[in-house]
Amino acid sequence: MTSPSDSLLAATFDERVDGFFAPISDVITTVVFFAVPLDFIDEGVELPIIVVWLVIAGLFFTIYLRGFQFRAFRHAIQLIRGRYDDPRDAGEVTHFQALATAVSGTVGLGNIAGVGVAITLGGPGATFWMIVAGLLGMCTKGVECTLGVKYRNVYPDGRVSGGPMYYLTKGLKEKSPRLGTFGKVLAVLFCIFTLGGAVGGGNMFQANQAFSQAQSVTGGADGPLGGGAAGAVFGLVLAVLVGAVIIGGIRSIARVTDKLVPFMAVFYVVACLTVLFSNAGQIPEAFASIVTEAFSPEAGYGGLVGVLIQGFRRAAFSNEAGLGSAAIAHSAVKTEHPATEGHVAVLEPFIDTVVICTMTALAIVITGTYLDDASDAGVQTTSAAFETVVSWFPVVLAIAVVLFAYSTMLAWSYYGLKAATYLFGESMLVDRTWKLVFCLFVVIGASSTLDAVIGFSDSMIFLMSLPNIIGLYILARVVKREINGYRDRVENGEILPVADRS
Amino acid sequence: MPDSILVGLDGSESSGRAADAAADAARRHHLRLVVACVVPWSPYSFTTAEENERRPVEKEQEATAARERVLDPVVTRLSQAGDLAIEGVVRHGHPAETLVRLAREHDAAWITVGRTGQSRVRTLLFGSTPSSLIQLSPIPVLVVP
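These numbers come from a predicted model, not from an experiment.

S.K.: I'm lost on unusual backbone geometry in this one. Help?
M.R.: Across the chain, the bulk of peptide bonds are trans and the bulk of non-glycine residues have phi less than zero. Residues and elements named next belong to chain B. With phi around 55 degrees, H30 is a residue other than glycine that occupies positive phi space. Within the secondary structure layout, H30 lies in the loop between α1 (13-29) and β2 (32-40). Among the residues examined, H30 registers 9 C-beta atoms within 10 Å and is labelled exposed.

S.K.: How do you make sense of the packing of helix α11 (residues 251-278) of chain A against helix α16 (residues 347-367) of chain A when you look at a structure like this?
M.R.: Helix-helix packing: each pair is described by the crossing angle between the helix axes and the interaxial distance. All names here are of chain A. One can describe the packing of α11 onto α16 by two numbers: an axis separation of 9 Å at closest approach and a directional angle of 30 degrees. Considering their axes alone, α11 and α16 lie roughly parallel with respect to each other. Seen from above, α11 lies across α16 with left-handed handedness. Between α11 and α16, the contacting residues are V269, C272, V275 and L276 on the first element and I356, M359, T360, L362, A363, I366 and T367 on the second. Among the residues making up the contact of α11 with α16, the classes are represented as nine nonpolar, two polar and no charged.

S.K.: Mind showing me how you'd approach the interface of chain A and chain B here?
M.R.: Facing the 25 residues of chain A at the interface are 21 residues of chain B. Going through the elements one at a time, α5 (95-106), β4 (160-161), α11 and α18 (393-424) of chain A are the ones with two or more residues in the side of chain A that touches chain B. No other element matches α5(A), which puts five residues into the side of chain A that touches chain B. Residue composition of the side of chain A that touches chain B, by class: 13 nonpolar, seven polar and five charged.

S.K.: So what exactly am I meant to see when it comes to the sheet that holds strand β5 (residues 141-144) of chain B here?
M.R.: Within a sheet, adjacent strands bond to each other through the backbone by hydrogen bonds, running parallel or antiparallel. Residues and elements named next belong to chain B. Strand order in the open sheet made by the five strands is β3-β2-β1-β4-β5, with parallel pairing throughout. Each edge of the open sheet is held by one strand with a lone partner, namely β3 (86-93) and β5. If you compare each strand with its neighbour and ignore which way they point, the axes differ by 25 degrees on average. Pairing geometry for β2 and β3, over eight bridges, is parallel.

S.K.: I would appreciate a short explanation of the packing of helix α13 (residues 303-319) of chain A against α16(A) in the present structure.
M.R.: Residues and elements named next belong to chain A. With their axes 9 Å apart at the nearest point, α13 and α16 run at an angle of 130 degrees to one another. With respect to α16, the element α13 is oriented oblique. Classified by chirality, the crossing of α16 by α13 is right-handed. On the side of α13, the interface is formed by A315, S318 and N319, while α16 contributes E348, P349, D352, T353 and C357. Within the contact of α13 with α16, the residues separate by chemical class into three nonpolar, three polar and two charged.

S.K.: In this structure, what is going on with α1(B)? I would like to understand it.
M.R.: Each turn of an α-helix holds 3.6 residues, which means side chains three or four residues apart point in the same direction. All names here are of chain B. If you check α1, its first and last C-alpha atoms are 25 Å apart, about what 17 residues at 1.5 Å a residue would give, namely 24 Å. Three or more residues of α1 are buried, namely S15, A18, A19, A22, A23 and A26. Take α1 and look down its axis: the buried residues cluster within an arc of 140 degrees, on one side only. In α1, those exposed residues whose orientation departs by more than 90 degrees from the buried face are E13 and R28. If you follow the buried residues of α1, they end up packed against β1 (4-9), β2, α2 (49-79), β4 (108-114) and β5.

S.K.: Any chance you could explain the confidence of the model for chain B here in plain terms?
M.R.: The predicted coordinates ought not to be read in detail in places where the model reports low pLDDT. Overall, the predicted model of chain B reaches an average pLDDT of 88, with 92% of residues at or above 70. Interface predicted TM-score (ipTM) for the complex: 0.87; the corresponding pTM is 0.88.

S.K.: It is not clear to me how the environment of A:V149 should be interpreted in this structure. Could you clarify?
M.R.: All names here are of chain A. Summarising the element assignment, V149 is placed in helix α7 (residues 125-150). Judged by C-beta crowding, with 28 C-beta atoms within 10 Å, V149 ranks as buried. The spatial distance from the C-alpha of V149 to the C-alpha of A332 is 7.4 Å, given a sequence separation of 183 residues. Non-local contacts of V149, meaning those with residues more than four positions away in its chain, are made with G162, H330, S331, V333, T335, P338 and E341.

What counts, and where the lines are drawn
Every residue gets a number counted from 1 within its own chain, in the order that chain's sequence is written. Naming scheme: in the order in which they are written, chains are lettered from A and ligands are numbered from 1. Residues qualify for local features only when their pLDDT is at least 70, as the model is predicted, and side-chain atom pairs are given and counted only at 80 or more; totals for whole chains, interfaces and linings, by contrast, use all residues. Each helix is a run of DSSP H or I of at least 4 residues and each strand a run of E of at least 2, with the numbering of both proceeding from the N terminus. Labels follow a simple rule on C-beta atoms placed from the backbone: if 20 or more others lie within 10 Å of a residue's own, it is buried; if 12 or fewer, it is exposed; otherwise it is partly exposed. In this analysis, axes come from line fits to C-alpha atoms, helices being fitted only over the stretch in contact, and the angle between any two N-to-C directions falls in the range 0 to 180 degrees. Comment on the angle field: the value is read as roughly parallel under 35 degrees, roughly antiparallel over 145, roughly perpendicular from 65 to 115, and oblique elsewhere. Take the far helix as your reference; a near helix turned counterclockwise from it by less than a right angle gives a left-handed crossing, and one turned clockwise gives a right-handed crossing. Each residue gets a C-beta atom placed from its backbone, and two residues are in contact if those atoms lie within 7 Å. As a working rule, the residues Ala, Val, Leu, Ile, Met, Phe, Trp, Tyr, Cys and Pro are called nonpolar, Asp, Glu, Lys and Arg charged, and the rest polar, with Gly in that last group. Only strands that DSSP links by at least two bridges are regarded as paired with each other. One less than the residue count of a helix, multiplied by 1.5 Å, gives the span that helix is expected to have. Throughout, the arc means the angular range of directions from the helix axis out to the C-beta atoms. The predictor attaches a confidence to each residue, called pLDDT, with possible values from 0 through 100.

Structure representation (structure tokens):
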């Protein structure tokens with residue numbers, strides 16, 4: 001039983017967190033999403049520079065490496081299937097495992113909530129640009145991960161880890177000694193932004209949306225999770241579960257989620273397909289509207305540029321291409337050729353954006369839930385789409401959301417840890433402090449309202465792309481040499497599948 | 001002509017008896033004895049980023065543990081007589097598949113394993129190394145109770 005004064009107190013707690021956060025988030029968001037107003041196209045259309053930054057990187061590398069992401073596909077599948085794995089390396093991290101780890105970190109709320117936001121704000125046409133951004137992002141990921149493996153770090157005790165901080169320092173120094181200091185500055189910046197991104201998009205956004213979905217399937221504001229402090233309590237439970245794994249080292253929980261996440265991902269795709277097939281007649285129409293509205297959207301979506309920005313922005317948030325996080329996740333793979341992981345990494349945005357995001361988008365477009373103002377833009381747009389077909393799907397979606405959110409949080413706590421230990425050194429103090437702060441932000445994230453959280457988490461995650469992509473441009477020639485050299489050796493038979501080796 | 005007998009060890013009592021039986025046969029037929037311990041591992045399991053980072057270290061630890069706790073005691077015991085050529089191998093992988101691959105590499109006449117002492121329910125649910133070995137192996141398999 002809660003007395004009125006209790007719930008009043010509780011209500012003010014959530015509101016206080018929110019009130020504290022909203023102004024900070026506003027400032028950061030305005031800076032990061034500095035946008036050029038394009039009023040000559042349509043009233044209110046703005047072009048955020050950061051989105052242009054990511055897309056140009058994708059375009060540049062796609063042209064520079066002559067469509068590497070499309071050429072890499074076949075070989076990537078062979079690598080995943082272990083065709084090139086030396087049997088003596090059994091017991092080490094395989095290409096499949098590196099990819100699976102990275103995918104479970106990226107497949108998260110960006111795929112469910114982000115797509116809902118994109119289509120609500122940008123119309124069906126946003127889907128088209130999301131797919132285009134996904135295809136470009138594949139190339140950026142391949143570049144990042146090649147570098148991640150090439151310049152990874154082997155600790156004295158044998159552990160292996162890598163990421164932009166290492167290729168920014170080692171890679172730039174190798175390129176020219178004069179770039180050494182610059183590389184260090186970039187690496188430090190990258191790590192600072194990663195800490196922000198880890199508590200933002202990798203944590204608060206996830207906790208927030210998980211709570212929002214849990215609340216809505218349990219009866220909304222009148223249900224058991226409708227009370228004032230419910231957000232904080234939900235966040236506390238989630239924080240304890242995250243803490244149990246990352247601080248308590250209770251591996252069994254992580255192992256259970258590791259097994260559930262792929263299962264849920266498959267289930268999620270099946271649920272989307274169910275929605276599609278029960279509306280099979282409308283599929284051609286939905287496709288048509290996705291393509292035509294990509295170029296000439298209906299009024300209210302900000303014209304071509306407005307739609308394009310929504311699609312690109314949400315795709316980037318979902319697949320993280322260009323942010324550098326993937327380079328951390330992929331680096332532990334056992335390989336002698338950095339380019340192999342570059343090949344495998346192109347599959348990550350493909351699975352994340354081209355397959356899963358597109359599925360979500362089709363379900364939303366076909367059922368038309370994006371037009372409904374009753375549900376908030378986000379998970380609930382997707383949830384409403386699912387509900388039109390099977391009434392209990394939102395419950396399954398809620399479970400999927402919580403699991404995806406959880407696995408993404410675990411992944412980002414690791415990225416954050418790597419950034420923290422790079423900045424402050426390897427020590428138990430740094431390790432524990434970071435993990436405690438991370439858990440604290442789970443609670444804050446769950447109790448904040450969507451706008452404040454989305455703004456903040458977006459902006460911090462996108463900032464990571466500034467130092468990272470500068471580094472990618474400087475090291476472009478190194479990547480080209482690695483990738484082309486490797487492909488030449490595969491083509492002329494110098495590197496053979498295991499089965500053909502004598 | 002095959003030149004060895006392969007025996008799979010998992011540290012259980014029955015795998016110890018399997019090693020004895022294989023050693024007897026090796027003496028009688030003048031074959032080498034290859035004792036192998038396979039650390040169960042799958043290239044397709046799902047792992048966390050932190051586990052991946054530690055993987056090279058843990059592989060070493062697992063291999064060392066297998067060698068010291070499972071392999072070495074048996075090799076020491078069997079080589080006391082001094083009339084037998086014994087080789088110990090540690091590998092990571094699917095136990096039955098890896099034993100088959102080792103048998104091919106060492107040109108084994110047959111594979112000897114101990115019967116896993118697990119419950120019927122477990123065997124029904126997850127199978128057992130001897131039974132999958134019988135399905136997979138191109139050469140005879142001797143199962144020692």
